[in-house]
Amino acid sequence: MRINGTFLPLTFCVLTAAVLFAPGASAARLKDLCEIQGARGNDLKGIGIVVGLAGTGDKTDAAKRALDRMLDRLDIEVSDMKELKSDNVAIVVTTAVLPPFAKEGTRFDVLVNSIYDCESLEGGTLLETYLRSVGADSPVYAVAQGPLSVGGFNAGAGGTGVRKNHVTAGRIPMGAHVEREVPATITDGERLTLLLKRPDFTTADNLQQAINSVIGVDCATAFGAGAVNVIIPPEARAELVSFVARLEEINVETDAPARIAINERTGTIVVGGQVMIRPCQVAHGNLTIRVAETPMVSQPGPFSIGETVKAPLTDVLPEEEDAYLMPVEGTSASDVAAALNKLKVTPRDMISIFQALREAGALEADLEVM
């Protein structure tokens, strides 16, 4: 990183797979690579009211009307809407994912987000909120209620303030319980299908070979890069849970593509373990343009009819550092990191270098910009 024209020791944000694994294929559990078809969560959502806010709630008329409807359900009559002046409540959207195989009474986390002009949900409590699935006519699958945790604060007085984290969104740990179960079927009684989280032909082939070596020959068949069909042995059909648990513990050799992920907004670079750089020479010089503006005052002569005019004087000062060709080469992620760190450039400069290496044909990897 450069501060005031001086290079500081660069912790170049290249997180390499070589830190964790040796180059080449690596082993992972089947449960970390696949999901079972039919075992999926279901998105739920609902509109609720958060109360107990210290004057940081909504101030819109819509919030007052929602509060009036809530009080009406509680048999509390409000004769005049002007009585609802409190800004200690907020209208929120409550979202959650209903876990697969969740039974009635199972508890799970919910997320709460303000939708109007609420300043902070800190210290608030969500009142009973019905969570439904897709569609207006969807039945209620869960009910959420409880105190919010926002993980921050928003304080201020006298024109100054301090804010930590995002205080108009929060979470209620174990804040919802299941009211209606969602049927889930993962097998037709004879077979089940494994879905790869990251479809890849090599991984799918390794997956079917690993299952066949543990369960039995011709038990698993890969259907393309994203799915593997598994035949359940007759002796295991009566104990499906034990069979699936046995499958999940199988170790499978995975194959990661040669890829570099770039996030230019944060200056983060992640280099995969299969990335290679062919022998080449790289020079990178930094160009800095500084614009300095000095206020100047033009004063008219004595007893003249002129006016004093403020005319700024602008200076443009370009600065370009010397650059030298340096050899860059690497056959593994650690070699690539060591070679590029010798250039002593910032992560944002590193992004430009990777793009230039790709155009020059020296980089054996795909560039993915996030």
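Fair warning: this is a prediction, and the values are worked out from it, not measured in the lab.

Rules behind the numbers
Residues numbered from 1 in each chain as written. Predicted model: local features only at pLDDT ≥ 70, side-chain atom pairs only at ≥ 80, totals over all residues. Heavy atoms only, no water. Patch = residues over 30% accessible without salt bridge, like charges linked within 9 Å, V, L, I, M, F, W, Y side chains within 5 Å. Areas by Shrake-Rupley, 256 points an atom, 1.4 Å probe, with all protein chains shown as cover. Salt bridge = Lys/Arg side-chain N within 4 Å of Asp/Glu carboxyl O. Helix = DSSP H or I, 4+ residues; strand = E, 2+ residues; numbered from the N terminus. Buried < 20%, exposed > 50% of the residue type's maximum accessible area, 1.4 Å probe, protein only. Pairing = 2+ DSSP bridges. Axes fitted to C-alpha atoms, helices over the stretch in contact; angles between N-to-C directions. Contact = heavy atoms within 4.5 Å. Expected span 1.5 Å × (residues − 1). Core = buried A, V, L, I, M, F, W, Y, C linked by side-chain atoms within 4.5 Å.

Caption draft 1: Up close: a nonpolar patch on the surface. Together, I47, I115 and Y116 give the surface a local cluster of nonpolar side chains, amounting to about 300 Å² of exposed area. Tracing the sequence through the fold places Y116 in the loop between β8 (107–114) and β9 (125–132). Taking relative accessible area as the criterion, Y116 reaches 41% and is therefore assigned partly exposed.

Caption draft 2: Spotlight on the sheet that holds strand β10 (residues 140–147). Read around the barrel, six strands follow the order β6-β7-β8-β13-β10-β9 and close on themselves; strand pairing throughout is antiparallel. On average, each strand axis in the sheet is inclined to that of its neighbour by 30°, with strand direction left out of account. As paired elements, strand β6 (residues 42–51) and β9 share three bridges and run antiparallel to each other. When the bridges of β9 are listed, V51 appears paired with T125. Sheet strands in contact with helix α2 (residues 61–73) are β6, β7 (90–98) and β9, and its direction is about 95° off that of β6.

Caption draft 3: Just the pattern of salt bridges, in detail. Applying the stated rule across the entire model yields ten salt bridges. In this structure, K31 engages E248 in a salt bridge whose closest nitrogen and oxygen atoms are separated by 3.9 Å. Here the residue K31 occupies a position in helix α1 (residues 30–33), and E248 occupies one in helix α4 (residues 240–248), the gap between them amounting to 217 residues. Using a relative accessible area of 26% as the deciding quantity, one classes E248 as partly exposed. The partner of K103 in a salt bridge is E181, with the nearest N and O atoms 3.8 Å apart. Residue K103 is found in the loop between β7 and β8, and its partner E181 is found in the loop between β13 (169–178) and β14 (191–196); the two are separated by 78 residues along the sequence. For E181, a relative accessible area of 37% puts it in the partly exposed group.

Caption draft 4: Geometry of helix α6 (residues 347–360). The terminal C-alpha atoms of α6, which comprises 14 residues, lie 20 Å apart, in line with the 20 Å expected from a rise of 1.5 Å per residue. Listed in full, the buried residues belonging to α6 are P347, D349, M350, I351, I353, F354 and L357. Residue G361 follows α6 closely and has a positive phi angle near 80°.

Caption draft 5: Just the nonpolar core, in detail. Ranked by size, the top nonpolar core spans 24 residues in total, and within it L192, L194, L207, I211, V230, F243 and L247 carry the most contacts. For this core, the secondary-structure elements that each account for two or more residues are α1, β5 (34–36), β14, α3 (201–214), β16 (227–231) and α4. By residue number, the principal contributor to this core is α3, which donates four residues. Beyond its immediate stretch of four places on either side in the chain, L247 contacts L30, L192, I211, I215 and V230. In this structure, V110, C118, L126 and Y141 belong to the second largest nonpolar core, which totals 23 residues.

Caption draft 6: Spotlight on the sheet that holds β16. The antiparallel open sheet is built from four strands, whose spatial order is β5-β14-β16-β15. Of all strands in the sheet, those bounded by a partner on one side alone are β5 and β15 (220–222). Neighbour-to-neighbour, the strand axes of the sheet open up by a mean angle of 25°, direction not taken into account. Summarising the sheet, β15 and β16 pair through three bridges and their orientation is antiparallel. Along β16, the bridge assignment pairs T221 with N229. Along the sheet, α3 contacts β5, β14, β15 and β16; its crossing angle with β15, the most-contacted strand, is approximately 170°. Contacts from α4 reach β5, β14 and β16 within the one sheet, and its direction differs from that of β14 by about 35°.

Caption draft 7: Geometry of unusual backbone geometry. One non-glycine residue with positive phi stands out, namely F101, at about 65°. Along the chain, the position of F101 falls in the loop between β7 and β8. Phi angles above zero are rare outside glycine, and D218 is one such case at about 60°. Within the secondary structure layout, D218 lies in the loop between α3 and β15.

Caption draft 8: Looking closely at α2. The terminal C-alpha atoms of α2 lie 19 Å apart, and with 13 residues this matches the ideal 18 Å at 1.5 Å per residue to within 8%. Residues of α2 that are buried include every one of A62, A63, A66, L67, M70 and L71, and no others. Where α2 is buried, its residues touch β6, β7 and β9. With its phi angle positive at about 60°, D75 sits one or two positions after the end of α2.

Caption draft 9: Spatial organisation of the environment of I91. In this fold, I91 is placed in strand β7. In this structure, I91 is in contact with I47, G48, I49, D58, A63, A66, N113, S114, I115 and Y116, ignoring residues within four places of it in sequence.

Caption draft 10: Representation of the environment of E264. Within the fold, E264 resides in the loop between β18 (259–263) and β19 (268–271). Note on E264: relative accessible area 48%, which makes it partly exposed. Each C-alpha atom, one on E264 and one on I351, is 7.6 Å from the other, the two residues being 87 residues apart in sequence. Filtering out sequence-adjacent residues up to four positions away, E264 remains in contact with R348 and I351.

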